[in-house]
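Observations on the three-dimensional arrangement
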Amino acid sequence: MHERERWQVIKALLRERSLVRIADACRATGVSEASIRRDFARLAEQGVAIRVHGGLEALPETANAPGDVLSLATRSFDVSQTLNIDAKRAIAKAAVALCADGETIIINGGTTTYQMGEYLRERRLKVLTNSYLLADALIHTSKCRVALPGGEVYREQGMIVSPFEEDAIQHYSATRMFMSAISIGPLGVIEGDPLLARAESKLLKRADKLIVLADSSKFVSRGSLVVCPLSRIDTLITDSDAPSDALDMLRANGARVVVVDAGAQTNAAA
């Protein structure tokens, strides 16, 4: 991963939490501790954050000025889609395999759910999504019918989010909702932005079953907003690096767990 790409990942981590430790950045970027220390020093010199012992601390948040591009308190789409891509594609493929032609489904915005678009090309489903990036892909490359909710466009995340309770989804009914999240923990599915958590909660009310798409990196504590409890999850799809104790916790709460092999996905694409 190039220096500029690492900086984008580190900045995204700073938006999720107030303090990013060296070990966190090493796991997220896959580079050495020495490289991360240099990155932290450069970002601090640029005034992006404050260098502290063992990590990097976010600057005090400032409100968006009029005319600023709207952003959610979570990673940008461009950064997230570079992380764990093989696992995300394998998970997305398994998710689409659960769908039947003619079915009505909901797909929330996220880089894992976005990968479903590739495998939906030859399918005929009705899809409601708050990801305008996924909607655009489905409109141009698939046979699916596509619906979008009303709301404001958040360009960094490629999502449409409404702050209002009443919007276009109120009369929608789906058999399944496919959802990604910042993390999965004992309290349930976790998000890091209030607007995003609210939007997902509203979408969830319109679906019979919840399918969560979460690669192994999502079983680390981050975010602070519970979208739904573990008992609401019908199926969780993850990769083979997911911690066994977390999967046992999900099964104990009634979830079906599907584990995919990201390596097999890579070999098939080669």
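1. Digging into the overall build of the chain
The number of helices and strands found in the chain is 11 helices and 15 strands. Within the chain, contacts between residues separated by at least 24 positions form 61% of all contacts whose residues are at least 6 apart in sequence. In the form shown here, the chain has an accessible surface area of approximately 12800 Å², with 50% of it arising from carbon and sulfur atoms.

2. A look at the pattern of salt bridges
Charged atoms that come close allow side chains of opposite charge to pair. Evaluated as defined, the whole model comprises 9 salt bridges. For Arg27, the salt bridge is made with Asp24, and the minimal N-O distance between the two is 2.7 Å. Here Asp24 and Arg27 lie together in helix H2 (residues 22-29), a separation of 3 residues that amounts to about one turn. A residue is classified by how much of its surface remains accessible, and Asp24, at 18% relative accessible area, is buried. Between Asp248 and Arg251 there is a salt bridge; the shortest N-O distance is 3.2 Å. With Asp248 and Arg251 both in helix H10 (residues 244-252), this residue pair falls 3 residues apart, about one helical turn.

3. A closer look at the side chain of Ser142
Note that Ser142 resides in the loop between helix H8 (132-141) and strand S6 (145-147). Side-chain polar atoms of Ser142 contact the backbone oxygen of Leu138, separated by 2.7 Å. At a separation of 3.1 Å, a polar atom in the side chain of Ser142 contacts the main-chain amide nitrogen of Cys144. If we skip the residues at most four places from it in the chain, Ser142 touches Leu120, Arg121 and Ala137.

4. Here's the deal with the sheet that holds strand S15 (residues 256-260)
Overall, parallel pairing links the 7 strands, which are arranged S6-S5-S4-S9-S12-S14-S15 in an open sheet. Where the open sheet ends on each side, the last strands, each with one partner, are S6 and S15. Strand after strand, the sheet turns through a mean of 20 degrees between neighbouring axes, direction not considered.

5. Notes on the sheet that holds strand S2 (residues 49-52)
A sheet is described by the order of its strands in space; here 3 strands give the open sequence S1-S3-S2, paired in antiparallel fashion. Since the sheet does not close on itself, it has two edges, and those belong to strand S1 (19-21) and S2, each with one partner. The average angle at which neighbouring strand axes cross in this sheet is 25 degrees, direction not considered. With 4 bridges connecting them, S2 and strand S3 (residues 55-58) associate as antiparallel partners. Paired with Ile50 across the bridge in S3 is Glu57. Strand contacts of helix H1 (residues 3-16): S1, S2 and S3, with the helix running at about 60 degrees to S3, the strand carrying the most contacts. Sheet contacts for helix H3 (residues 33-45): S1, S2 and S3; angle to S2, the most-contacted strand, approximately 130 degrees.

6. Description of the packing of H1 against H2
Put simply, H1 and H2 touch, their axes get as near as 10 Å, and they point 125 degrees apart. On the basis of their axis angle, the class for H1 and H2 is oblique. Where H1 crosses over H2, the two elements pack in a sense that is right-handed. In this structure, H1 contributes Arg6, Val9, Ile10 and Leu13 to the contact, and H2 contributes Asp24, Ala25, Ala28 and Thr29. Here the residues of the contact of H1 with H2 sort into 5 nonpolar, 1 polar and 2 charged.

Reading guide: rules and limits
Residues numbered from 1 in each chain as written. Predicted model: local features only at pLDDT ≥ 70, side-chain atom pairs only at ≥ 80, totals over all residues. Heavy atoms only, no water. Helix = DSSP H or I, 4+ residues; strand = E, 2+ residues; numbered from the N terminus. Contact = heavy atoms within 4.5 Å. Areas by Shrake-Rupley, 256 points an atom, 1.4 Å probe, with all protein chains shown as cover. Salt bridge = Lys/Arg side-chain N within 4 Å of Asp/Glu carboxyl O. Buried < 20%, exposed > 50% of the residue type's maximum accessible area, 1.4 Å probe, protein only. Polar contact = N/O pair within 3.5 Å; in protein donor to acceptor, adjacent residues only side chain to side chain. Pairing = 2+ DSSP bridges. Axes fitted to C-alpha atoms, helices over the stretch in contact; angles between N-to-C directions. Parallel < 35°, antiparallel > 145°, perpendicular 65-115°, else oblique. Left-handed = near helix turned anticlockwise from the far one by under 90°. Nonpolar A, V, L, I, M, F, W, Y, C, P; charged D, E, K, R; others polar.

Nothing here speaks to function; it is all geometry.
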